[in-house]
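Here is how the chains run, residue by residue.
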Amino acid sequence: VLPWSKKILPKGSWVLTQYYCMQRDPGVFEDPNTFMPDRWENATAEQTKSIMLFSVGRRGCQGQGLANLEMNELLYKLISKYRFDVVEEGEPQ
């Protein structure tokens, strides 16, 4: 049953999701078209379920493995080349 229309979908129906729309639902995300990385610091369960970075299943992104490998390599290079310290907010060194 589709909640907004009370229509019943027949068994075997295809249901397609528009990721662009799903990830910009104003009912889930405050100001959805604004770049706000800090929204993920306290993400709700509904927000977490509404984002699929690489899609899922057999039709998922073919480059996901490569992207994850590149992120790990970048992190390794940063950690091995630079020294990181924890500082109190507002007190640059």
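A. Looking closely at the packing of aromatic side chains. All chains considered together, the criterion is met by one aromatic pair. Taking the centre distance of 5.9 Å and the plane angle of 65° together, the rings of Phe-29 and Trp-40 count as edge-to-face. With Phe-29 in the loop between helix H1 (19-22) and helix H2 (45-49) and Trp-40 in the loop between H1 and H2, the pair connects residues that are eleven residues apart, well separated along the chain.

B. Spatial organisation of the confidence of the model for the protein. For the protein, the mean per-residue pLDDT works out to 85, and 94% of the residues sit at or above 70. Averaged pLDDT values over the elements of the protein bottom out at 81 in H1 and peak at 94 in helix H3 (residues 64-81).

C. Spotlight on the side chain of Ser-50. Along the chain, the position of Ser-50 falls in the loop between H2 and H3. For Ser-50, the contacting residues outside a window of four places in its chain are Met-22, Gln-23, Val-28 and Phe-29.

D. Focus on the pattern of salt bridges. Tallying each qualifying case throughout the model produces two salt bridges. Between Glu-73 and Lys-77 there is a salt bridge whose closest N-O contact spans 3.2 Å. On the criterion of helical spacing, the pair formed by Glu-73 and Lys-77 is a turn pair, its members being four residues apart in helix H3. We classify Glu-73 as partly exposed; its relative accessible area is 42%.

E. Inspection of the side chain of Arg-39 at higher detail. Position of Arg-39 among the secondary structure elements: in the loop between H1 and H2. Here Arg-39 is buried and forms no salt bridge, its nearest opposite-charge partner Asp-31 lying at an N-O distance of 6.5 Å. A polar side-chain atom of Arg-39 sits 2.7 Å from the main-chain carbonyl oxygen of Thr-34.

Calculation notes
- Residues numbered from 1 in each chain as written.
- Predicted model: local features only at pLDDT ≥ 70, side-chain atom pairs only at ≥ 80, totals over all residues.
- Heavy atoms only, no water.
- Phe/Tyr/Trp six-rings, centres within 6.5 Å; stacked < 30°, edge-to-face > 60°.
- Helix = DSSP H or I, 4+ residues; strand = E, 2+ residues; numbered from the N terminus.
- pLDDT = per-residue confidence, 0-100.
- Contact = heavy atoms within 4.5 Å.
- Salt bridge = Lys/Arg side-chain N within 4 Å of Asp/Glu carboxyl O.
- Buried < 20%, exposed > 50% of the residue type's maximum accessible area, 1.4 Å probe, protein only.
- Lys, Arg positive; Asp, Glu negative; His and termini not counted.
- Polar contact = N/O pair within 3.5 Å; in protein donor to acceptor, adjacent residues only side chain to side chain.

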